[in-house]
Amino acid sequence: MVCLGNICRSPIAEGILRHKLKSQGITHVETDSAGTSSFHVGEAPDRRMRATAIQNGVDIEDLRARQFVPADFDRFDLIYAMDQSNYNNIIALAQTEDEKNKVRLILNEIEPEANKAVPDPYYGGDEGFQHVFDLLDEATNVIIEKYVKR
Ligand code: 4NP
């Protein structure tokens, strides 16, 4: 799960997916998140995102921001970008078609080819965080049905 800062959208995407996999007893899937930027490396998720997580029964307190690195193309089968800018930044680091094909816009799992963005809540109000949670809750349900329960 990849966004810009790895403190708002991608940590909650990782947290929701991890939470669902664990509660469904699925142990063979590795999850992680990263930011395309180095702005917040080492930081915990934004306190507003942590509060929204707790209100929705998801624990992301242990997560710490890191920057996306080209080695992530080897580590992961699927790389989900939160918006088109994240997508473009990840694609720019890809060296093969195989690597490029791993990269997806996450909301296309809900609405294929619509190319919608998970809105960046960083500069907005608190309600933006619940909206992000709800979008990613829906997208992770599709991901589990489509790629995990095969
Ligand atoms: P994120 O949100 O990409 O969802 O983690 C942001 C966090 C920090 C900044 C931008 C977006 N920033 O510019 O510092």
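If you're wondering where the values come from, they're calculated on a predicted model, not measured in any experiment. (Residues numbered from 1 in each chain as written. Predicted model: local features only at pLDDT ≥ 70, side-chain atom pairs only at ≥ 80, totals over all residues. Heavy atoms only, no water.)

Quick notes on the overall build of the protein
Move 1: Helix and strand counts for the protein come out as six helices and four strands.
Move 2: Going from the N terminus to the C terminus, the protein shows its helices and strands as β-α-β-α-α-β-α-α-β-α.
Move 3: Here the C-alpha radius of gyration of the protein, 14 Å, is about what a compact globule of 150 residues would show, namely 15 Å.
Move 4: If one aligns the C-alpha atoms of the protein with their principal axes, the spans along those axes are about 40 × 35 × 30 Å.
Move 5: Burial analysis of the protein (150 residues in total) assigns 46% to the buried set.
Move 6: A total of about 7900 Å² of accessible surface is found on the protein, and carbon and sulfur atoms cover 48% of it.
Move 7: Distance from the positive charge centre (17 side chains) to the negative charge centre (25 side chains) of the protein: 2 Å. (Helix = DSSP H or I, 4+ residues; strand = E, 2+ residues; numbered from the N terminus. Rg over C-alpha atoms; globule rule 2.2 N^0.38 Å. Buried < 20%, exposed > 50% of the residue type's maximum accessible area, 1.4 Å probe, protein only. Areas by Shrake-Rupley, 256 points an atom, 1.4 Å probe, with all protein chains shown as cover. Lys, Arg positive; Asp, Glu negative; His and termini not counted. Charge placed at Lys NZ, Arg CZ, Asp CG, Glu CD.)

Concerning the pattern of salt bridges
Two side chains carrying opposite charge are able to pair once their charged atoms lie near each other.
Move 1: Inspection of every chain in the model, using the stated rule, returns 15 salt bridges.
Move 2: A salt bridge links Asp62 to Arg18; the nearest nitrogen and oxygen atoms lie 2.9 Å apart. On the criterion of sequence distance, the pair formed by Asp62 in the loop between helix 2 (47-55) and helix 3 (72-75) and Arg18 in helix 1 (residues 9-23) is long-range, its members being 44 residues apart.
Move 3: Close ionic contact of Arg75 with Glu30 constitutes a salt bridge, the shortest N to O distance being 2.6 Å. Separated by 45 residues along the polypeptide, Arg75 in helix 3 and Glu30 in the loop between helix 1 and strand 2 (34-35) bring together distant segments of the chain.
Move 4: Under the relative-accessibility criterion, Arg75 is labelled partly exposed at 41%.
Move 5: You can call Glu30 partly exposed: its relative accessible area is 47%.
Move 6: Among the charged side chains, a network of salt bridges with common partners joins Glu30, Asp32, Arg66, Asp72 and Arg75. (Salt bridge = Lys/Arg side-chain N within 4 Å of Asp/Glu carboxyl O.)

Observations concerning the site of the ligand
Move 1: Close to the ligand lie Cys3, Leu4, Gly5, Asn6, Ile7, Cys8, Arg9, Phe39, His40, Asp120, Tyr122 and Tyr123, which account for all nearby residues.
Move 2: Within the contact set of the ligand, an oxygen atom lies 3.3 Å away from a side-chain nitrogen or oxygen of Asp120.
Move 3: The separation between an oxygen atom of the ligand and a polar side-chain atom of Tyr123 is 3.3 Å.
Move 4: Considering the ligand on its own, with 350 Å² of exposed area, one finds that the protein chains cover 92% of that surface.
Move 5: Taken together, the residues of the shell around the ligand sort by class into seven nonpolar, three polar and two charged. (Near = heavy atom within 4 Å. Polar contact = N/O pair within 3.5 Å; in protein donor to acceptor, adjacent residues only side chain to side chain. Nonpolar A, V, L, I, M, F, W, Y, C, P; charged D, E, K, R; others polar.)

Describing the packing of aromatic side chains
Move 1: Per the stated rule, a full pass over the model turns up two aromatic pairs.
Move 2: Ring centres 5.3 Å apart and planes at 80° place the aromatic pair Phe68 and Phe73 in the edge-to-face group. This pair shows no difference in class: Phe68 is buried, exactly as Phe73 is.
Move 3: Pairing Tyr122 with Tyr123 gives two aromatic rings, centres 4.8 Å apart and planes at 85°, and the pair type is edge-to-face.
Move 4: Judged by its relative accessible area of 76%, Tyr123 falls in the exposed class. (Phe/Tyr/Trp six-rings, centres within 6.5 Å; stacked < 30°, edge-to-face > 60°.)

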